[in-house]
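# Summary of the model geometry
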Amino acid sequence: MLSLFLTHLEGYKKAAIKSPILIILEVVCELLLPLVMAEIVDVAIPSGDVGYIFAMGGLMLALALLAMACGVGSAKYATFASQGFGGNLRQCLFNKVQDFSFADIDRFSSASLITRMTNDVNAMTMMLSMGLRMLVRAPVMLFVALGVSLYLNARLAVILLVVIPLMALAIAVLMRVCTRLFDAMQKKIDGLNNVLQENLVAIRVVKAFVREDHERKKFNRASDELMEAGLTVGMRIIAIMPIMMLCLNGATLAVLYFGGRMVMGGDFELGDLNAFLSYIMQVLMSVMMVAMSLLQLSRSQACARRINEVLEAVPSVQDKEDTASLPAPKGRVEFKDVSFKYAASGTGDDVLSHISFAVEPGQFVAIVGGTGTGKSSLVNLIPRFYDVTGGSVLVDGVDVRDYPLEELRGRVGMVLQTNILFTGTIRENLLWGRPDATEEEVVQAARDAQAYDFIMSLPEGFDTQLAQALEKGESMVRIQRTPEHLGSVTVEISQSADGILRVALSAHSAETRGLLERHAGDLQGMLSSRGQEVQVDVQRQQESQQGQNQQHQNYDGHNGHAQDGQERRQQRREHTGPQDFMQQLRLGLIPGEE
């Protein structure tokens, strides 16, 4: 945990140094106050020197004001340093996640990553703020006050040497128990976030199948588990206060009893006893502050372990250090005896087994299959969202693992199965593939994807803010169709060497489907003229069950190779009408769900 603090305070180290210095000055001023008070009680009051009393009172006031100023300054710099540390740590975590492959994100889960970048980082930020103040203030006050107490009366100070070890033992036991419980509580937060994320992402499905009651029960169960974990920790933490107060009051009682007898025997001054009591209180309060800080420290240790798991994770997909010279982009893709499983180090079954085929530049290839046969998994291997567990995927004759990731993904334009729109304008979303695209290219791509009329019907055309469109009451149906329309436009603008267009026809109207299907042939010719490979995924909701079964036979990711082209064409003729067969032959299908 200390390494996290040291390595992520860049830009805020001066503030982190100033805060402890100011808190030490505050402690010194506070520790001088009892000595000044003892001087007034033992010297000024017996002599009746009013002027001396006012002088000492003025000194006490000055010390109090200086202590207050140092305390405010320390709090300011501690807050500045801790919040800066939190910002640096969150940014570092976010940067690390950007390097993760799909497999790495699957391993941690998106809900857990969100918890680590928010809740866990906040706990670390609070710990640093507390540490720069309380964990500096308490030890300094403890040792200085203990030293002054020994100076005033060594025999009475023995009481502290008995009480403090008992308090430390109680703190150590609670820390040992609470560290494990805090770790379990953070995992419960992960679980709650996961349930909430699933519900929000799939809210339309939940409502369509009237599963609101089921989701409420599931969320209530996750919430109750988190509550129980919090109560388990809380019941241990609250035990610290009774223990501390018992030790504090017991020590005070012992000092009053033995110190009072010393005063009555003439061995100890009344002012010194009063000062000793003040130091006793400061010593024991310091121990209590340390106890509370260490309990927060136990939670921070659990959070630090979770954060370090992310920061120290080695991405499963990485660039090679020595990259050979790469050929010019042509668009040829080849699968050589490819096998793939999601748990690369596990014992699960292969999702894809011994797949071999080649796609030449400008060629359409039909890879079809039922739900769960590995179509999407196959496509995800081309841009290295996952790495193969057997065989190799080649782009332009070079294994994708030998490409720099930026170069590889720059050659592959792909509309993913779930299209996402980011905050901003439609134009900004379209330019993700190629930020330097001209206005003419953007407009033409929108026309080709049958999205131009839809975009121009929005309030400000390409410059429409998507959030504003919803706020102004634009049709929810039209806005929800936007990802499906714009995903294809983005890929076409990118002018990648390998085009993988996943046009989900079931998401469009019958008219739009017809326009997209007719345009696909023109798109093939346009991209082929650039020497590019084109794969277009046209998902048809209306396909018969018989056709789906035949698709499963044409490509089964669990059982082996794609069938011979002639045999596949014959089977498609037998199980589909002439029009559907010609359409599917012309457009092709690549991995996607029905």
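This write-up is about the structure you can find in this document. (Residues numbered from 1 in each chain as written. Predicted model: local features only at pLDDT ≥ 70, side-chain atom pairs only at ≥ 80, totals over all residues. Heavy atoms only, no water.)

## Thoughts on the overall build of the protein chain
- Check the secondary structure of the protein chain and you find 21 helices and seven strands.
- For the protein chain, buried positions account for 48% of its 594 residues.
- Look at the contacts in the protein chain between residues 6 or more apart in sequence, and 80% of them connect residues 24 or more apart. (Helix = DSSP H or I, 4+ residues; strand = E, 2+ residues; numbered from the N terminus. Buried < 20%, exposed > 50% of the residue type's maximum accessible area, 1.4 Å probe, protein only. Contact = heavy atoms within 4.5 Å.)

## Side note on helix H3 (residues 50–98)
- In this model H3 runs 72 Å from its N-terminal to its C-terminal C-alpha over 49 residues, within 8% of the 72 Å that 1.5 Å per residue would give.
- Its side-chain oxygen at 3.3 Å from the backbone nitrogen of Gly51, Asp49 defines the N-terminal cap of H3. (Expected span 1.5 Å × (residues − 1). Polar contact = N/O pair within 3.5 Å; in protein donor to acceptor, adjacent residues only side chain to side chain.)

## Comments concerning unusual backbone geometry
- Of note in the backbone geometry, Arg384 takes a positive phi value of approximately 65° without being a glycine.
- Take Arg384: it is sitting in the loop between helix H11 (375–380) and strand S3 (390–395).
- We classify Arg384 as buried; its relative accessible area is 3%.
- The phi dihedral of Asp396 is positive, around 55°, even though this residue is not glycine.
- Mapped onto the secondary structure, Asp396 falls in the loop between S3 and strand S4 (398–399).
- Given a relative accessible area of 11%, Asp396 falls into the buried group.

## A closer look at the packing of aromatic side chains
- This model, assessed by the stated rule, comprises eleven aromatic pairs.
- Arranged with centres 4.5 Å apart and planes meeting at 15°, the rings of Phe102 and Phe385 form a pair that is stacked. Taken together, the residues Phe102 in helix H4 (residues 102–108) and Phe385 in the loop between H11 and S3 connect sequence positions 283 residues apart.
- Ring geometry for Tyr257 versus Phe258: centroids 5.0 Å apart, planes at 80°, classification edge-to-face.
- Looking at Tyr257, the relative accessible area reads 46%, which means it is partly exposed.
- Grouped by ring-pair contacts, the aromatic residues Phe102, Phe340, Tyr342, Phe385 and Tyr386 constitute a single cluster.
- A cation over an aromatic ring shows up here: Lys76 above the ring of Tyr77, its NZ or CZ 5.5 Å from the ring centre.
- Between Arg447 and the ring centre of Tyr452, over which it is positioned, the NZ or CZ distance is 3.9 Å. (Phe/Tyr/Trp six-rings, centres within 6.5 Å; stacked < 30°, edge-to-face > 60°. Lys NZ or Arg CZ within 6 Å of the ring centre and 35° of its normal.)

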